[in-house]
Amino acid sequence: MLRKLFPFLDWFQNYRSVDLKADVISGLTVALVLIPQSMAYAQLAGLPPFYGLYAAFIPPAVAALFGSSRQLATGPVAVVSLMTAVALEPLATAGSGGYVTYAVLLALMVGVFQFTLGVLRLGLLVNFLSHPVVNGFTNAAAIIIATSQFSKLLGVYVDKADYHYQTIINAITAGFYYIHWPTLLLGGLAFLIMFVLKRVSRRIPSILVAVVITTVISWASGFERTSWINLVDIESPRARKLVSEFNAASGDLARLTIERTELGIKFNKARAATDRIAAIHTLRDRDIIGVQIELLETDIRNMRAQLRNLLFAGVRQSDGRFTLFPRGRVPEGVLSDGRTWRIKVSNRPLETDNLLVSAGGDVVGSVPVGLPALAIPKVEVGALLHLLPYALIISLLGFMEAISIVKAMSAKTGQRIDPNQELIGQGLGNICGAIGSSYPTSGSFSRSAVNLQAGAFSGLSSVFTSLAVVLVLLFFTPLLYYLPQSVLAAIIMMAVIGLINLNGMIHAWRAQWYDGLISVITFGCTLILAPHLDRGIMVGVALSVLVFLYKSMRPTVVDLSLGLDRGLHDSVAFGLQECRYIDVVRFDGPLFFANAGYLEDQIRKRRLNKKQLRHIIIVANGINDIDASGQEALSLIVDRVRSAGIDISLSGVNESVMKVLKRTHLLAKIGKDHVFPKTDMALKSIHVRTHRSGEEKNCPLTEVVHSHIHSTEKGV
């Protein structure tokens, strides 16, 4: 019982000092990859980069302690980070305090859902996400993740559009208008370093080396070049007017948002008091304000884009003041600093007496020193309802990713894997992580591979990984200040390249064309509908369920004849002639309400097409289950066939189906002498009497007789 509650106790059986050394080395090796990667993934999730370190602090250790795999490395991952951003964008502005609160709440919801599934032994629910759906979604998500980093790589600023492809077009357009070359060069250098070092040796922490080199260059070259100025020091009436209008619109938006919230509370009270008139008037006022907010948000978005597109030249005045002139309009005789300056615009109103302008690239900036405060996330009912479907999808996707990694590693290590225990571990990792200000996490394929290659013996390696992150949070965060954002973008893009697997869709198509089509449709819908990634998954799941239902409603029903190996085979597929008097019909699948009518139709069609038919044998080997509808359909088939002067028998009935036949007295109706253990026994019993006074010289059930049409086609 103790080992079930605390599975990590198994690690210490015959645990040696050499195993401890292996765990320490592998844990630190994974940490070298995890620390920069987690900051990049937090940025992808719309959070400040240091929240990636918070997500790398508690979840890796807890998930390892209570999971079943000894080498799985848990923490921030690309797809889950992207799904987090998609879930939170409608609720709050990316990077804001409210956004962080909802991200932590989402981690708690994901953890509770995964833990509950694990405790209830419902890990099989993940099968609703079929492999073709996951493959199509993952390929599309990898492309979305990679292209979402274009703006950071180019050093431009664009607002997110309604659809991802529109955002990418805007980013590329902004890049043509203005591109910050040092930003692009540092991102390109990080790409080059990671690519070359991976080719040289996978044991070299290429990500860490790229981070160190580019951070040193950023610090030494003054990559981040910012200044605080007064609005009056910008010699551009247009810029001053835009700032004034932007601030006024932002103030109006904040006021209207508060009014809408108050009206929402008022509406709930009126509805609770069953005051219909007050509720209707309040709802009308709230909707009007909602339309005003939408129009105002569009205006603010346009003004923000215009402000970001303003380019200035900086001039240091003789009195020490720093002023900005529109680029190309610097007065004659005045010497500029040769740099291009831009106003830094966020979603908040601009401080006119303390305006931030930049002529450099973006860096991570200040990272809080110390560990995050431990607290239970605040639960809001409205946010809870909005996040619920996303929590469900992230839970299943994250678990599927984790279990796929675990299964791949267990094939090499021979370790026994318990999917439900893994769900418990992942769930507890997210729950405890939420208490430590983490956003949702999952198992990472790349870091798990590093952990395995480094020789990790037990989950203690993940505990040492967490301890390494703790040391960074306590002592080394100042070293991360000058890390360029474009380098984090390069890390993300480099990581998701491995997620692109178009061969998976081709493989699915070769297995079954409809699986390949589902994968392609999921891929296309996810790309087109992004950032609404949940819709792409829903389309794929819906198609998978429809295909499953269609196949269940129309299972394979074939006529059997004797083949070259003296076994019974599908007469159409093998080009075999069928017996005139006996029809051996094989039904593949459970006989239940969805397909009972289909079996009736198939038997009726054979009675109509085969005028000399005397006996039907239903080969029931493939019928592994039967419900009341299936039993009733079988009973009707027996009545109708026999009333038409044709006899009917069953062969190969399994035990579970036989119990149903006995309980419903259908066995007595069919007759025990008409139910045979094997098909060949049925044929021996009925063949002679069905062929008595018959004209068939060579029966296809006793001799191999090829169909003329099929023989000609196959060249037999």
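Just above sits the structure.
Presented here is a report on the structure given in the accompanying data block. Source: prediction; values computed, not measured.

Rules and cut-offs
Every chain is numbered independently, its residues counted from 1 as its sequence is written. Residue-level local features of this predicted model are given only where pLDDT is at least 70; pairs of side-chain atoms are given and counted only at 80 or more, and the full residue set underlies all totals for whole chains, interfaces and linings. With hydrogens and water stripped out, all remaining heavy atoms of the structure feed into the side-chain values. One requirement defines pairing of two strands: DSSP has to find at least two bridges between them. Helix and strand labels come from DSSP, where a helix needs a run of H or I of at least four residues and a strand needs a run of E of at least two; each type is numbered from the N terminus. All axes here are fitted lines through C-alpha atoms, helices being fitted over the stretch that makes contact, and every angle between N-to-C directions spans 0 to 180 degrees. Throughout, exposure labels follow a simple rule: accessible area from a 1.4 Å probe, protein chains only, divided by the maximum for the residue type, with under 20% read as buried, over 50% as exposed, and the rest as partly exposed. Each C-beta atom gives one direction from the helix axis, and the arc is the one those directions make. Any N or O atom pair separated by 3.5 Å or less is treated as a polar contact, with the protein-specific requirement of one donor-capable and one acceptor-capable atom, and with residues adjacent in sequence counted only for side-chain atom pairs. Here, a salt bridge means any Lys or Arg side-chain nitrogen found within 4 Å of an Asp or Glu carboxyl oxygen. The contact rule is simple, with two residues in contact once any of their heavy atoms fall within 4.5 Å. The patches reported here contain residues having more than 30% relative accessible area and no salt bridge. Joining distances are 9 Å for like charges and 5 Å for nonpolar side chains (Val, Leu, Ile, Met, Phe, Trp, Tyr). Using a 1.4 Å probe, accessible areas were evaluated by the Shrake-Rupley method; residue-level cover was limited to the displayed protein chains. What sets the label is the angle itself: under 35 degrees gives roughly parallel, over 145 gives roughly antiparallel, 65 to 115 gives roughly perpendicular, and the rest give oblique. What makes a crossing left-handed is the near helix being turned counterclockwise from the far one by less than a right angle; a clockwise turn instead makes it right-handed. Note that Gly is not counted as nonpolar here; it falls among the polar residues with everything else outside the nonpolar set of Ala, Val, Leu, Ile, Met, Phe, Trp, Tyr, Cys and Pro and the charged set of Asp, Glu, Lys and Arg.

Okay, the sheet that holds strand S5 (residues 340–343) next. Spatial strand order, S2-S6-S5-S3-S4: five strands in an open sheet with antiparallel pairing. The open sheet terminates on both sides in strands that have one partner only, identified here as strand S2 (226–229) and strand S4 (322–326). For this sheet, the mean angle separating the axes of adjacent strands, direction not counted, is 45°. Looking at chain direction, strand S3 (residues 312–316) and S4 are connected through five bridges and run antiparallel. Looking at the pairing, Phe312 lines up with Pro326 of S4.

Let's shift gears to helix H16 (residues 445–453). Every buried residue of H16 is listed here: Arg447, Ser448, Val450 and Asn451. Angularly, the buried residues of H16 cover 155° about the axis, an arc narrow enough to put them on a single face. Of the residues that open H16, the one with a side-chain oxygen 3.2 Å from the backbone nitrogen of Arg447 is Ser444. Following H16 by one or two positions, Gly455 adopts a phi angle in the positive range, close to 90°.

Let's shift gears to the pattern of salt bridges. Per the stated rule, a full pass over the model turns up 20 salt bridges. Residues Arg606 and Asp559 are paired through a salt bridge, measuring 2.7 Å at the closest nitrogen-oxygen approach. Of this pair, Arg606 sits in helix H22 (residues 596–609) while Asp559 sits in strand S8 (residues 556–562), and the two are 47 residues apart along the sequence. There is no split in this pair, since Arg606 and Asp559 are both buried. Here Arg586 and Asp588 are joined by a salt bridge, their closest N and O atoms 3.2 Å apart.

The buried fraction of S4 amounts to five of the five residues, a majority that puts the element mostly inside the structure. Neither face of S4 is open: one carries Phe322, Leu324 and Pro326, the other Thr323 and Phe325, and all of them are buried. The hairpin formed by S3 and S4 contains five residues between the paired strands, and Gly320 there has a positive phi angle of roughly 95°.

With that settled, consider the side chain of Arg304. Looking at the secondary structure, you find Arg304 in helix H13 (residues 276–308). Arg304 has contacts with Asp159, Phe246, Val345, Ser346 and Asn347, leaving out every residue within four places of it along the chain.

Below, the discussion takes up a nonpolar patch on the surface. A cluster of nonpolar side chains, Leu371, Leu471, Leu474, Phe475, Phe476 and Leu479, forms an exposed patch at the surface whose accessible area comes to about 600 Å². Relative to the assigned elements, Phe476 resides in helix H17 (residues 460–476).

Moving on, we come to the packing of helix H6 (residues 97–119) against helix H15 (residues 419–435). The geometry of H6 relative to H15 is characterised by a closest axis approach of 7 Å and an angle of 155° between their N-to-C directions. Comparing their axes, H15 and H6 come out roughly antiparallel. The chirality of how H6 crosses H15 is left-handed. On H15, the residues that touch Val104, Ala107, Leu108, Val110, Gly111, Val112, Gln114, Phe115, Leu117, Gly118 and Val119 of H6 are Asn420, Leu423, Ile424, Gln426, Gly427, Leu428, Asn430, Ile431 and Ala434. Residues that form the contact of H6 with H15 fall into these classes: 13 nonpolar, seven polar and no charged.

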